[in-house]
Amino acid sequence: MADTILLIALVLAAGAVLLAVLRLLRGPTAADRAVALDVMTLVFVPGMVALAVFSGRKIYLDVALVYGVLSFLGVMSLARYFDRGI
Amino acid sequence: MIWLDALVCLLMIVVAVTATAVKNLVSAVIMVGVVSLLVSYLFLRMGAPDVAMTEAAIGAALTTVIFLIALRRTGEDR
Amino acid sequence: MVAWDVIGALVTLAGSVFLLLGAIGVARMPDLYNRMQAGTKATTLGNLLTLTGLGILMPSWLPKILLIAVFVLVTNPISSHALARAAHAAGIPLAKGSVKDALDHDREAR
């Protein structure tokens, strides 16, 4: 029961990644691609946490946390770049 | 979930090839960041959290910031 | 005996639906600001729900997972706001049917 629901959730998240990559490939400006990068990061952080939960290794949570912190840094630097400075 | 790994590999190849072909350099930098995200997930999937964390630190933050500083300094973006 | 596994899986499924809806908005909205709207709000809610559901599935890790969730909740609106403001300053146009540009009006009033 729970496994089936989680498999459906995983398929939906994979669809979200596909749509974000579509916007990444098509986006007319660089800012659209930055939005796609943001969405992909927000989908992959729960993916990493799910990988930690199902493999039972707690150290994987640290990777998700580090990725959240550093993607914030990357998107902020992109915003500063678009705003003529860095 | 081998199909998910295959999907991530396929997306990684597509995004990396597009990063070499796109005209706007900032878009190429963002695509390199996406490739870093996907390869970090693959490292984690293969059971190497330390490598994944290093890839996250270098690929998501350091490479993006250094490329953007270099683009700004050289004035290649306009 | 409540089946906590099923409850956690259902919360995860709800968050995953929100993630998919946010990604559909990012793929289909007409201009950058609408895309950013869809890609920030729906995706942040989906992220929170998904992390909470996974925390219900593994209750002993719940504080650390909630730490990640709170961090995403704090930082993602900030980064998206900065990106939208920078894109407006860089002169990316609005969609054709837009009726009001409040940020531009602010700049004229100053």
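Everything numeric here is computed off the predicted structure, so don't read it as measured data.

**Student:** Any chance you could explain the overall build of chain C here in plain terms?
**Tutor:** Of the regular secondary structure elements, chain C holds four helices and zero strands. Moving toward the C terminus, one meets the helices and strands of chain C in the order α-α-α-α. Taken against the 2.2 N^0.38 rule, which gives 13 Å for 110 residues, the C-alpha radius of gyration of chain C at 18 Å runs more than 25% over that of a compact globule. If one aligns the C-alpha atoms of chain C with their principal axes, the spans along those axes are about 60 × 25 × 15 Å. Per-residue burial for chain C yields a buried fraction of 43% across its 110 residues. Of the contacts made within chain C by residues no fewer than 6 positions apart, 66% connect residues no fewer than 24 positions apart. Total accessible area on chain C stands at roughly 5,800 Å², and carbon and sulfur atoms take up 68% of it.

**Student:** Mind showing me how you'd approach the packing of aromatic side chains here?
**Tutor:** How two aromatic rings sit relative to each other is set out by the distance from centre to centre and by the angle between their planes. Scanning the model with the defined rule gives two aromatic pairs over all chains in all. Consider the rings of A:Phe44 and B:Tyr41, whose centres lie 5.3 Å apart with planes at 70 degrees: the pair is edge-to-face. Here A:Phe44 is found in helix α2 (residues 30-55), whereas its partner B:Tyr41 is found in helix α2 (residues 25-45) on a different chain. Each of the two residues, A:Phe44 as well as B:Tyr41, counts as buried. A cation sits over an aromatic face here: B:Arg72 above A:Tyr81, 4.5 Å from the ring centre.

**Student:** Help me out: how do you make sense of the side chain of C:Thr50 in this one?
**Tutor:** Mapped onto the elements of the fold, C:Thr50 is located in helix α2 (residues 32-57). Its relative accessible area of 6% is what places C:Thr50 among the buried residues. Within the local environment of C:Thr50, its side chain forms a polar contact with the backbone oxygen of C:Gly46, the two atoms lying 2.5 Å apart. Excluding residues that lie within four positions of it along the chain, C:Thr50 makes contacts with A:Pro46, C:Thr12, C:Gly15, C:Ser16 and C:Leu19.

**Student:** Even after reading the chapter, I still don't get the interface of chain B and chain A, so can you show me in this structure?
**Tutor:** Size of an interface: often given as the accessible area lost when the parts come together. In this complex, chain B contributes 39 residues to the contact, which on the side of chain A involves 36 residues. In this assembly, chain B packs against chain A so that about 3,300 Å² is buried in total across both faces, 84% of it on carbon and sulfur atoms. Looking only at chain B, the three residues that lose the most surface to chain A are B:Ile30, B:Leu37 and B:Leu44, adding up to 19% of its buried area. Across the chain B-chain A interface, the total number found is three residue pairs in polar contact (both at pLDDT 80 or more). Listed by contribution, the elements that provide at least two residues to the side of chain B that touches chain A are α1 (2-21), α2 and α3 (49-74) of chain B.

**Student:** Looking at this structure, how should I read the interface of chain C and chain A?
**Tutor:** Taken together, the contacts link 46 residues of chain C with 45 residues of chain A. Taken over both partners, the interface formed by chain C and chain A buries close to 4,000 Å², and the fraction arising from carbon and sulfur atoms is 81%. By the criterion of area lost to chain A, the three top residues of chain C are C:Trp61, C:Lys64 and C:Leu83, representing 16% of everything that side buries. One can count two salt bridges joining chain C with chain A. Among the ionic pairs, A:Asp62 bridges to C:Lys64, the shortest N-O distance being 2.6 Å. Counting every contact that joins chain C to chain A gives six residue pairs in polar contact (both at pLDDT 80 or more). Contributing elements (two or more residues each) for the side of chain C that touches chain A: α1 (4-28), α2 and α3 (62-89) of chain C. In terms of residue class, the side of chain C that touches chain A is built from 32 nonpolar, 10 polar and four charged.

**Student:** Any chance you could explain α2(B) here in plain terms?
**Tutor:** Every α-helix carries 3.6 residues per turn, so stepping three or four residues along brings you back to the same face. All names here are of chain B. The first and last C-alpha atoms of α2 sit 30 Å apart over 21 residues, in line with the 30 Å expected at 1.5 Å per residue. Its side-chain oxygen at 3.4 Å from the backbone nitrogen of Val 26, Asn 24 defines the N-terminal cap of α2. In the stretch just after α2, Gly 47 is the one whose phi turns positive, near 85 degrees.

**Student:** When you look at the side chain of B:Ser40 in this model, what are you seeing that I'm missing?
**Tutor:** One can find B:Ser40 in helix α2. In this structure, B:Ser40 is in contact with A:Met48, A:Tyr67, B:Ala52, B:Glu55 and B:Ala56, ignoring residues within four places of it in sequence.

**Student:** Can you walk me through the packing of helix α3 (residues 59-82) of chain A against α3(C) in this structure?
**Tutor:** A pair of packed helices is characterised by two quantities: the angle between their axes and the separation of those axes. Contact geometry of α3(A) with α3(C) gives a least axis separation of 9 Å together with a crossing angle of 10 degrees. In terms of orientation, α3(A) lies roughly parallel with respect to α3(C). Where α3(A) approaches α3(C), its residues A:Leu61, A:Asp62, A:Ala64, A:Leu65, A:Gly68, A:Val69, A:Phe72, A:Val75, A:Met76, A:Ala79 and A:Phe82 are matched on the opposing element by C:Lys64, C:Ile65, C:Leu67, C:Ile68, C:Phe71, C:Thr75, C:Ile78, C:Ser79, C:Ala82, C:Leu83 and C:Ala86. Classifying every residue of the contact of α3(A) with α3(C) gives 17 nonpolar, three polar and two charged.

**Student:** It is not clear to me how the nonpolar core should be interpreted in this structure. Could you clarify?
**Tutor:** The tendency in soluble globular proteins is for nonpolar side chains to be buried side by side. Ranked by size, the top nonpolar core spans 84 residues in total, and within it A:Met40 and B:Val26 carry the most contacts. Here this core takes 17 residues from α2(A), the largest share from any one element.

Conventions adopted
Residues numbered from 1 in each chain as written. Chains lettered and ligands numbered in written order. Predicted model: local features only at pLDDT ≥ 70, side-chain atom pairs only at ≥ 80, totals over all residues. Heavy atoms only, no water. Helix = DSSP H or I, 4+ residues; strand = E, 2+ residues; numbered from the N terminus. Rg over C-alpha atoms; globule rule 2.2 N^0.38 Å. Buried < 20%, exposed > 50% of the residue type's maximum accessible area, 1.4 Å probe, protein only. Contact = heavy atoms within 4.5 Å. Areas by Shrake-Rupley, 256 points an atom, 1.4 Å probe, with all protein chains shown as cover. Phe/Tyr/Trp six-rings, centres within 6.5 Å; stacked < 30°, edge-to-face > 60°. Lys NZ or Arg CZ within 6 Å of the ring centre and 35° of its normal. Polar contact = N/O pair within 3.5 Å; in protein donor to acceptor, adjacent residues only side chain to side chain. Buried area = accessible area lost by both parts, 1.4 Å probe. Salt bridge = Lys/Arg side-chain N within 4 Å of Asp/Glu carboxyl O. Nonpolar A, V, L, I, M, F, W, Y, C, P; charged D, E, K, R; others polar. Expected span 1.5 Å × (residues − 1). Axes fitted to C-alpha atoms, helices over the stretch in contact; angles between N-to-C directions. Parallel < 35°, antiparallel > 145°, perpendicular 65-115°, else oblique. Core = buried A, V, L, I, M, F, W, Y, C linked by side-chain atoms within 4.5 Å.

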